[in-house]
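Each chain is listed here by its residues.
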Amino acid sequence: MIRQLILFVAALSLLIHGPAQAYGRFAHGAIARIALANAKPATRAAVSAMLARTAMLDTPTCPARTPEDASVWPDCIRAMGDRFSYTGPWHYQNVDICKPFDLNSACANGNCVSAQIDRQVKLIQDRSIPLREKIAATLFLIHFVGDLHMPLHAGDRNDRGGNDVRVAYGLYAPERLNLHGVWDGAIAERALTTPPSLERRYDDAERTAIAAGTVADWSREAWTVSRDTAYALAQGGDPCGPKPTGRVTLTNESLARAVEPQRLQIERASLRLARLLDEAFDPARAFTPKPRD
């Protein structure tokens, strides 16, 4: 219990005092490592070749030569001002958890995380795309699959994915602590440090089962976890009940109940990223666009 509390407080400290990073370096880095461990050898080689050329992106303050750095590069570049400000909406999709699931309304003009995942795969496969853009697409893909599986990037109550829901962990209640931030960092770190380790090579049956489905299917899953776990735990069991007017207290019991759903989302993100990287770098899937008439 004491060790878990220390880990939790340390994670919250990073959330409050460090730069804002969706799903945190700890979780994003783990997802990247697990994905590459479960991807095909040719895919790992192709991704390594991309990372070796990331200097072409001309973002020296946001290096991406390692899987861990690559996994948070899309967050890092958001601090570079106007050059990458347009990418902000690509990290999430605010689908109302208290209405029937409607992904289309949250993805106008492709400005949402699920649409961007499909787009990055196509950019990598497209033979006409310059190498520099393929490198960026690889980094975006690695990051966005993690973001999609973070429940509060997939569902909300018109509260910016829980950013407007102030929370306290017992007596620990700094002003900036909110529901989104706790799921981004502290609960993800707790999930990853709870045994057994998720960082392993999965067998073929596990990979096939977990990686099945479409990006839209995965969006609905994450939205469901947002509703049935993240918001339900924060609102005493009723995710669509009256919105809290003050701080929500997250007890150790409620946080413990969030661990397994979060572990499953990290596992899903990792193996689905492995599948998408395999598809993106599969020579048989590469294409050259037909010229327009």
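Read on for a plain summary of the structure.

Criteria and thresholds
- Residues numbered from 1 in each chain as written.
- Predicted model: local features only at pLDDT ≥ 70, side-chain atom pairs only at ≥ 80, totals over all residues.
- Heavy atoms only, no water.
- Helix = DSSP H or I, 4+ residues; strand = E, 2+ residues; numbered from the N terminus.
- Rg over C-alpha atoms; globule rule 2.2 N^0.38 Å.
- Buried < 20%, exposed > 50% of the residue type's maximum accessible area, 1.4 Å probe, protein only.
- Contact = heavy atoms within 4.5 Å.
- Lys, Arg positive; Asp, Glu negative; His and termini not counted.
- Charge placed at Lys NZ, Arg CZ, Asp CG, Glu CD.
- Salt bridge = Lys/Arg side-chain N within 4 Å of Asp/Glu carboxyl O.
- Disulfide = S-S within 2.5 Å.
- Core = buried A, V, L, I, M, F, W, Y, C linked by side-chain atoms within 4.5 Å.
- Phe/Tyr/Trp six-rings, centres within 6.5 Å; stacked < 30°, edge-to-face > 60°.
- Polar contact = N/O pair within 3.5 Å; in protein donor to acceptor, adjacent residues only side chain to side chain.

**Focus: the overall build of the protein chain**
Scanning the protein chain from terminus to terminus reveals 10 helices and four strands. The order of α-helices and β-strands along the protein chain, N terminus first, is α-α-α-α-β-α-α-β-β-α-α-α-β-α. In terms of overall dimensions, the protein chain is globule-like: its C-alpha atoms have a radius of gyration of 19 Å, near the 19 Å expected for 293 residues. For the protein chain, the spread of C-alpha atoms along the principal axes amounts to about 60 × 40 × 40 Å. Relative to its full complement of 293 residues, the protein chain shows a buried share of 52%. Of all intrachain contacts in the protein chain linking residues separated by at least 6 positions in sequence, the fraction that spans at least 24 positions is 76%. Separation of charge centres in the protein chain, based on 35 positive and 32 negative side chains, amounts to 2 Å.

**A closer look at the pattern of salt bridges**
A complete count under the given rule lists 13 salt bridges for this structure. R263 serves as the salt-bridge partner of E260, at 3.7 Å between the closest nitrogen and oxygen. Remark: R263 and E260 occur in helix α10 (residues 252–280); sequence separation between them is three residues, near one turn of the helix. One salt-bridge network, held together by shared partners, links R33, E68 and E199.

**Points about the state of the cysteines**
Under the criterion given, the structure shown has three disulfides. The disulfide partner of C62 is C76, and the gap between their sulfur atoms is 2.1 Å. Here the disulfide of C62 and C76 is left-handed, its torsion about the S-S bond being about -80°. With C62 in the loop between α3 (41–52) and α4 (67–76) and C76 in helix α4, this residue pair connects regions lying 14 residues apart in the sequence. Under the relative-accessibility criterion, C62 is labelled buried at 2%. The disulfide partner of C107 is C112, and the S-S distance across this bridge is 2.0 Å. An S-S torsion of about 90° defines the bridge between C107 and C112 as right-handed. When its relative accessible area of 15% is taken as the criterion, C107 is described as buried. Since its relative accessible area comes to 0%, C112 is described here as buried.

**Considerations on the nonpolar core**
Core analysis: the largest hydrophobic core is formed by 81 residues, its most contacted members being W73, I117 and L141. At the level of secondary structure, the elements contributing two or more residues to this core comprise α2 (24–38), α3, α4, α5 (113–125), α6 (131–149), α7 (179–193), α9 (215–234) and α10. With 11 residues, the top contributor of residues to this core is α10. Setting aside its immediate chain neighbours within four residues, L141 contacts I117, Q120, V121, I124, L273, L276 and L277.

**Topic: the packing of aromatic side chains**
Summed over all chains, the structure comprises seven aromatic pairs. Note on W73 and F84: the rings are 6.0 Å apart at their centroids and 75° apart in plane angle, and the pair reads as edge-to-face. Here F84 lies in the loop between α4 and β1 (95–96) and W73 lies in helix α4, a separation of 11 residues in the sequence. For W73, a relative accessible area of 1% translates into the label buried. Accessibility expressed as a relative area gives 8% for F84, which makes it buried. Centre to centre, the rings of W90 and F144 are 6.4 Å apart; their planes meet at 80°, and the pair counts as edge-to-face.

**Observations regarding unusual backbone geometry**
In the segment running from P195 into P196, the intervening peptide bond is cis, with an omega of 0°. Of note, P196 is situated in the loop between α7 and α8 (204–211). Of note, the phi angle at R160 is positive, near 55°, even though the residue is not glycine. Tracing the backbone through its elements, the reader meets R160 in the loop between β2 (155–156) and β3 (167–168). Residue R160 is classed as exposed on the basis of its relative accessible area of 52%.

**What to know about the environment of S105**
Position of S105 among the secondary structure elements: in the loop between β1 and α5. Judged by relative accessible area, which is 57%, S105 ranks as exposed. C-alpha separation for the pair S105 and H180, spaced 75 residues apart in sequence, amounts to 21 Å. Within the local environment of S105, its side chain forms a polar contact with the side chain of D102, the two groups lying 3.1 Å apart.

**Here we look at the side chain of D184**
Position of D184 relative to the elements: it lies in helix α7. At 3.4 Å, the side chain of D184 forms a polar contact with the side chain of H153.

These results come straight from atomic positions and should not be treated as a statement about function.
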